[in-house]
Amino acid sequence: MLRSLSGLALALGVAAGVPASRADDKKPEPGTVELFNGKDLTGWGYKTKDKFEAFDGKTEASDKRYSAKDGVLVVNPGKGTAQLWTTEKFGKDFELRLEFRAAVNADSGLFVRGPQLQVRDYLVAGPYKELKKYKPQDWNEIVVVVKGEVAHCTCNGEVLNAAMKVPATGPIGLEADRDTVEYRNIRLKEIK
């Protein structure tokens, strides 16, 4: 069953404030939920076929592939891939915004209700090598607007995928694959 976004906001403890180290953050718009609270992995975990391993209150995942430090959710290098998922599922139309910074040739991903959008050092690792506004090894913004079962995805305003098919409901996820990728300001807002 889907909880309301306001309930999720309380569960994630956003009322507790944002660490001072996130001074360059923009204040979220009213109705926006921070999916990452900036201090730990509350609201996130690993899922297997039979269970969900939640990391509430923990600053790193059980295999150390993900960690939270100074307002940043870090995808750490390691063997194989690891997928981190929100405990909540999102069935209404929404806009998801996040910032990421990828090491040279790093490879990660953003799962939108299941399907994956590549999040990488695009100019080196692809697949979007023609982006003009991508800033290598600096902070970039991804915006995903989901309406029904279609997601429109951009990076710094340039289209990555104009019509990615997504299920009617599902969680948000991140992938650890190759090298270090950092995420911050992971925010979701329902849209009408």
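Residues numbered from 1 in each chain as written. Predicted model: local features only at pLDDT ≥ 70, side-chain atom pairs only at ≥ 80, totals over all residues. Heavy atoms only, no water.

## A short note on the sheet that holds strand β3 (residues 52-54)
One open sheet accounts for six strands, arranged β3-β2-β6-β13-β8-β9; its pairing is antiparallel. Each end of this open sheet is capped by a strand with a single partner; those strands are β3 and β9 (116-120). For this sheet the average axis-to-axis angle between neighbouring strands, irrespective of direction, equals 30°. For strand β8 (residues 107-112) and strand β13 (residues 172-178), the ladder comprises six bridges, and the chain directions are antiparallel. (Pairing = 2+ DSSP bridges. Helix = DSSP H or I, 4+ residues; strand = E, 2+ residues; numbered from the N terminus. Axes fitted to C-alpha atoms, helices over the stretch in contact; angles between N-to-C directions.)

## Quick notes on the pairing of β13
Among the seven residues that make up β13, five are buried, leaving the element largely enclosed by the rest of the structure. In terms of strand pairing, strand β6 (residues 82-86) meets β13 through four bridges, oriented antiparallel. Its bridge partner being in β13, Leu84 is matched across the sheet by Leu174. (Buried < 20%, exposed > 50% of the residue type's maximum accessible area, 1.4 Å probe, protein only.)

## A word on the nonpolar core
Judged by nonpolar contacts, the single largest core of 45 residues is most densely connected at Tyr66, Phe100, Leu110 and Ile142. With five residues, the top contributor of residues to this core is strand β7 (residues 94-102). Once residues lying within four places of it in the same chain are set aside, the contact partners of Leu110 are Leu96, Leu98, Pro115, Gln116, Leu117, Val119, Ile142, Val144, Ile172, Gly173 and Leu174. (Core = buried A, V, L, I, M, F, W, Y, C linked by side-chain atoms within 4.5 Å. Contact = heavy atoms within 4.5 Å.)

## Focus on the confidence of the model for the protein chain
Residues shown with low pLDDT carry predicted positions that ought not to be read at fine detail. When pLDDT is averaged along the protein chain, the result is 88, and 85% of the positions lie at 70 or above. Here residues 1-24 is a poorly scored stretch, pLDDT under 50, and it has 41 contacts once near neighbours within four places are set aside; other chains count. (pLDDT = per-residue confidence, 0-100.)

## Some details on the pattern of salt bridges
Under the defined criterion, the tally for this structure stands at seven salt bridges. One salt bridge in this structure joins Lys64 and Glu60, with 2.9 Å as the shortest N-O distance. The exposure class of Glu60 is partly exposed, given its relative accessible area of 34%. One salt bridge connects Arg184 with Glu99, and the closest N-O pair in it is separated by 3.0 Å. Of this pair, Arg184 sits in strand β14 (residues 181-190) while Glu99 sits in strand β7, and the two are 85 residues apart along the sequence. (Salt bridge = Lys/Arg side-chain N within 4 Å of Asp/Glu carboxyl O.)

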